[in-house]
Amino acid sequence: MKILIIEDEKELSDNIVTFLSSENYLCEQAFTCADAKMKVNLYEYDCVILDLMLPDGNGLDLLRNIRNNHNQVGVIIVSAKDSINDKIIGLEVGADDYLSKPFSLPELKTRIYAIIRRKQFNTNNLMYSNGVTIDLLKKTVKVGPNIITLTRTEYELLLFLISNKNKVISKLSMAEHLTGEMADMLDNHNFVYTHIKNLKAKLAMNGCSECIKNIYGTGYKWVEE
């Protein structure tokens with residue numbers, strides 16, 4: 001899952017990145033409103049952590065921009081401003097949650113997971129498709145009764161595909177999902193093919209051989225029967 005951290009306190013931002021990366025989140029950082037606005041308009045994220053007090057603007061204005069563009073990404077406001085009025089305004093503008101500084105990183109992780117689960121997985125900790133079961137809390141995958149061992153990248157690809165079942169996903173979208181803004185700097189996205197090939201092989205060994213379709217010249221699709 002990809003997280004954008006919009007926070008001008010670099011030490012705090014780096015601490016959040018270190019912690020969430022250890023929990024298998026892909027993290028990107030923005031330290032100004034301008035940089036954050038550019039990123040949310042260019043890339044897709046599963047959750048945004050938003051500070052209200054930024055050096056070149058107000059985080060609420062950025063949140064209004066996100067919602068005015070019909071972007072339904074989960075947003076958690078983190079702010080030293082702890083008045084009830086600030087919380088009410090933030091939630092009315094479109095935030096999904098509000099954490100007052102200082103906060104614990106495990107609590108932030110729990111809030112992020114709750115938002116992503118609610119928005120993408122209908123509050124369920126288990127995802128099912130074509131005999132595949134993904135436990136979102138344990139990060140385990142079964143095909144029927146068999147647990148299959150996936151790399152972190154293969155797991156993220158499988159989750160991405162099933163979350164967008166019956167939709168064609170381009171290699172570029174997959175590359176951005178896996179590497180974030182680094183995707184723009186790559187000469188090609190052939191690494192996506194390698195991971196898809198390995199994922200398909202592991203699924204096929206357990207009887208799930210026709211789930212991932214290669215759409216020639218476009219990308220891939222998880223076909224739900």
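Quick caveat: nothing in here was measured; it's all calculated off a predicted structure.

Basis of the calculations
- Residues numbered from 1 in each chain as written.
- Predicted model: local features only at pLDDT ≥ 70, side-chain atom pairs only at ≥ 80, totals over all residues.
- Heavy atoms only, no water.
- Core = buried A, V, L, I, M, F, W, Y, C linked by side-chain atoms within 4.5 Å.
- Buried < 20%, exposed > 50% of the residue type's maximum accessible area, 1.4 Å probe, protein only.
- Helix = DSSP H or I, 4+ residues; strand = E, 2+ residues; numbered from the N terminus.
- Disulfide = S-S within 2.5 Å.

**Student:** Quick one: what's the story with the nonpolar core, residue by residue and with numbers?
**Tutor:** By size, the foremost hydrophobic cluster in this structure holds 48 residues, and its most contacted members are Ile 112, Val 132, Ile 134, Leu 158, Leu 203 and Trp 222. The dominant element in this core, judged by the number of residues it contributes, is helix H6 (residues 152-163), at seven residues. Ranked by size, the runner-up nonpolar core spans 22 residues in total, among them Ala 30, Tyr 43, Ile 66 and Val 75.

**Student:** Run through the state of the cysteines, naming residues and quoting values.
**Tutor:** Tallied over the full model, the rule gives one disulfide. The disulfide partner of Cys 208 is Cys 211, and the S-S distance across this bridge is 2.4 Å. Between Cys 208 and Cys 211, the disulfide has an S-S torsion of -110 degrees and is therefore left-handed. For Cys 208, a relative accessible area of 5% puts it in the buried group. Summary of cysteine pairing: Cys 27 is not part of a disulfide, and the nearest cysteine sulfur, belonging to Cys 47, is at 10 Å. Unpaired in this structure, Cys 33 has its nearest cysteine sulfur neighbour in Cys 47, at a distance of 17 Å. Under the relative-accessibility criterion, Cys 33 is labelled buried at 12%.

Keep in mind these numbers describe shape, not what the thing actually does.
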